[in-house]
Protein chains: 2
Amino acid sequence: MNLPIIYMISESLGETAEAVIRATASQFEPENFEIVRIPYVDSVKLLEDTLQEASGQNAFVCHTLISPKLRAAFTKLAAKYSVIAVDILGPMLATVQKLSGVEPKNQPGLTHLLTKDYFRRIEAIEFAVKYDDGKSPAGLLKADIILIGVSRTSKTPLSMYLAHKGLKVANVPLIPGIAPPEELFNISPQKIIGLIVDPGKLNEIRAERLKAIGLMPGASYAKLACIAEEIEYSKAIMRRLSCRVIDVSNSAIEETAHMILEHHGKYLEMNNY
Amino acid sequence: MNLPIIYMISESLGETAEAVIRATASQFEPENFEIVRIPYVDSVKLLEDTLQEASGQNAFVCHTLISPKLRAAFTKLAAKYSVIAVDILGPMLATVQKLSGVEPKNQPGLTHLLTKDYFRRIEAIEFAVKYDDGKSPAGLLKADIILIGVSRTSKTPLSMYLAHKGLKVANVPLIPGIAPPEELFNISPQKIIGLIVDPGKLNEIRAERLKAIGLMPGASYAKLACIAEEIEYSKAIMRRLSCRVIDVSNSAIEETAHMILEHHGKYLEMNNY
């Protein structure tokens, strides 16, 4: 059997189809199929070219077509060229329309409008970069969330991930021998998240990172003891702050971020935002 | 008619369902429906509770269930409680299985594995933060992409967005009267992207940003002339570098990023990576 090909058709960037394909791909091996992306489809001609190309092969076409004209053309052409098709958005749009009694707008690219929400996210990303790594303690007072922890507890990527969700995040490294900024002790502890990690796990993660970038990790018991001491120091600070503590040892950024978003949501509720 | 409710069920974080819901929502108004997210579903009990809750209402349930046990239970329970269901991943998984002859792994959460690709993205995010705003010219030599442009041409959020895709991005502000770093002129121009923006549009964007954060924008012709001069200066540098120039006036970050990724892909191809 030939390697199957997934053709992805979208009228805009194709980010939705991309997310669905990523989830699908994770359930197979990369060598199980090939992906051909065709974003910004705006003509029946391009649709027909793609379906014609797919028709001779062990392929199927998934799409997030929105405009009624292209959707209708797609259905006809997929039948004409006997191509298997997966309509990613169709069932959702039809069901919302049915239950709400409201017609969809039928315009592609609406997720990229320069809305208030869009500017809030841009603002948040710039904030996170500006107040990364304890750069300016003044930022702590303006932040929605402050992440604290020793080096390599994923403070920076977590801050950026949360910023993409629109939260203003500052992060402060905890380093034995260097007092954390005074401001930290004047902030609602519910805004502060302490990140800890199992020393052995941290060593492992570092080793995997080194391997990933092509270097060989070296083991060192002394290093491990140092890490353990650092983490103990950070835990003492977190106890003084009475903040929420999250162990990131076994979590990907997305998972830790989810916990923080939940915590933040509850904080907002309690304070009647 | 009551406000329809979309229940979202996932065994992991629900990011895939979230992307599909976001695209669906963009085709309606926010007041057309409500969303209830139920991530980390791991039991038939929780499935049943959700479907029971949905059954009395003007609601439907969309899901990205992966494990065969929960998928089977869902189908049964949706029928039992007469709930409309949308299976987001099912058609894709079934089609890939059919065309490849390979069984899916049927394990939820596989998009969050700590893979090589995951570490590459984390590395890239840290890189982008470290080399934001011309912080260290040494970084320019290590970057995959260097963004240059005057203030407010979205260099920082673009860098972060591209970093999330795994690219190492540095950015350098162009400021009249301050010479750009020498390193810039020793780098392959194909790695450099010049960002420009229409002065009027930039003023508009700034005004919208101010409104978004609750301030009233003030207009000033002098300001506009200043911006125009700044941008002319930046264009002159871009000409000297013979780099690709992108006008970001009418594009959201995602759209500009897409152009840069395409440009970068072609560069890699030309250089036989």
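These remarks concern the structure in this document. Here the structure is a predicted model, which is why all the values come from computation and not from measurement.

As a further point, take the overall build of chain A. The helix and strand tally for chain A stands at 10 helices and eight strands. Taken over C-alpha atoms, the radius of gyration comes to 24 Å for chain A, far larger than the 19 Å a tight globule of 273 residues would show. Along the first, second and third principal axes, the C-alpha set of chain A runs to 70 × 50 × 30 Å. Relative to its 273 residues, chain A shows a buried fraction of 49%. Accessible area of chain A: about 12,800 Å², with a carbon and sulfur share of 54%. Computed over 30 positive and 31 negative side-chain charges, the inter-centroid distance for chain A is 4 Å.

A separate point is the packing of aromatic side chains. Residues and elements named next belong to chain B. The tally for this structure, following the rule as stated, stands at six aromatic pairs over all chains. Both rings, one in F28 and one in F33, keep their centres 6.3 Å apart while their planes meet at 85°; by these two values the pair is edge-to-face. Look at F28 and you get buried, because its relative accessible area is 2%.

Another point: the side chain of S159 of chain B. Residues and elements named next belong to chain B. Looking at the element boundaries, S159 is found in helix α7 (residues 155-164). For S159, a relative accessible area of 0% puts it in the buried group. Within polar-contact distance, the side chain of S159 engages the backbone oxygen of K155 at 2.7 Å. Those residues in contact with S159 that sit more than four places away from it in its chain are A128, L147, V169 and N171.

Of the transformation superimposing chain A on chain B, the axial component is 0.0 Å and the angular component is 180°, with the fit at an RMSD of 0.0 Å. What the superposition gives is, in effect, a two-fold axis relating one chain to the other. Of the C-alpha atoms belonging to chain A, the one lying closest to the rotation axis is found on V129 of chain A, 3.0 Å away.

Now for the interface of chain A and chain B. Taken together, the contact pairs 77 residues of chain A with 77 residues of chain B. With both sides pooled, the region where chain A packs onto chain B buries about 7,000 Å², and carbon together with sulfur makes up 70% of that total. Counting the surface chain A buries against chain B, the share from its top three residues, Q27, M92 and L99 of chain A, is 11%. Where chain A touches chain B, the interface holds six salt bridges. The residue E254 of chain B makes a salt bridge to R121 of chain A at a minimum N-O spacing of 4.0 Å. Going through the elements one at a time, α1 (15-26), β3 (59-63), β4 (84-87), α4 (90-100), α5 (116-130), α7 (155-164), α8 (199-212) and α10 (253-270) of chain A are the ones with two or more residues in the side of chain A that touches chain B.

Turning next to the sheet that holds strand β7 (residues 192-196) of chain B. Residues and elements named next belong to chain B. Taken together, the four strands give an open sheet; going across it, the order is β6-β5-β7-β8, and neighbouring strands pair in parallel fashion. Two strands in the sheet have a free side with no partner beyond their single neighbour: β6 (169-173) and β8 (244-247). For this sheet the average axis-to-axis angle between neighbouring strands, irrespective of direction, equals 25°. Bridging between strand β5 (residues 145-149) and β6 involves five bridges; their strand directions are parallel. Each bridged residue has a counterpart across the sheet, and for L147 the counterpart in β6 is N171. Helix-sheet contacts for α7 involve β5, β6 and β7, and the interaxial angle to β6 is about 175°.

It is worth spelling out the packing of α5 of chain A against α7 of chain B at this point. It is the contact of α5 of chain A with α7 of chain B, at a shortest axis distance of 9 Å, that shows an interaxial angle of 85°. By the angle class used here, α5 of chain A and α7 of chain B are roughly perpendicular. Residues I122, I125, E126 and V129 of chain A of α5 of chain A lie in contact with α7 of chain B, whose contacting residues are T156, P157 and M160 of chain B. Taken together, the residues that form the contact of α5 of chain A with α7 of chain B break down as five nonpolar, one polar and one charged.

Okay, the sheet that holds strand β3 (residues 59-63) of chain B next. All names here are of chain B. Taken in spatial order, the four strands of this open sheet run β2-β1-β3-β4, and their pairing is parallel. The open sheet has two free edges, formed respectively by β2 (34-38) and β4 (84-87), since each of these has just one partner strand. Pairs of neighbouring strands in the sheet enclose a mean axial angle of 20°, with direction left out of account. Direction of pairing for strand β1 (residues 5-9) relative to β2: parallel, over a ladder of five bridges. The partner of M8 across the bridge, within β2, is R37.

Definitions and cut-offs
Residues numbered from 1 in each chain as written. Chains lettered and ligands numbered in written order. Predicted model: local features only at pLDDT ≥ 70, side-chain atom pairs only at ≥ 80, totals over all residues. Heavy atoms only, no water. Helix = DSSP H or I, 4+ residues; strand = E, 2+ residues; numbered from the N terminus. Rg over C-alpha atoms; globule rule 2.2 N^0.38 Å. Buried < 20%, exposed > 50% of the residue type's maximum accessible area, 1.4 Å probe, protein only. Areas by Shrake-Rupley, 256 points an atom, 1.4 Å probe, with all protein chains shown as cover. Lys, Arg positive; Asp, Glu negative; His and termini not counted. Charge placed at Lys NZ, Arg CZ, Asp CG, Glu CD. Phe/Tyr/Trp six-rings, centres within 6.5 Å; stacked < 30°, edge-to-face > 60°. Polar contact = N/O pair within 3.5 Å; in protein donor to acceptor, adjacent residues only side chain to side chain. Contact = heavy atoms within 4.5 Å. Least-squares fit on C-alpha atoms with pLDDT ≥ 70 in both. Buried area = accessible area lost by both parts, 1.4 Å probe. Salt bridge = Lys/Arg side-chain N within 4 Å of Asp/Glu carboxyl O. Pairing = 2+ DSSP bridges. Axes fitted to C-alpha atoms, helices over the stretch in contact; angles between N-to-C directions. Parallel < 35°, antiparallel > 145°, perpendicular 65-115°, else oblique. Nonpolar A, V, L, I, M, F, W, Y, C, P; charged D, E, K, R; others polar.

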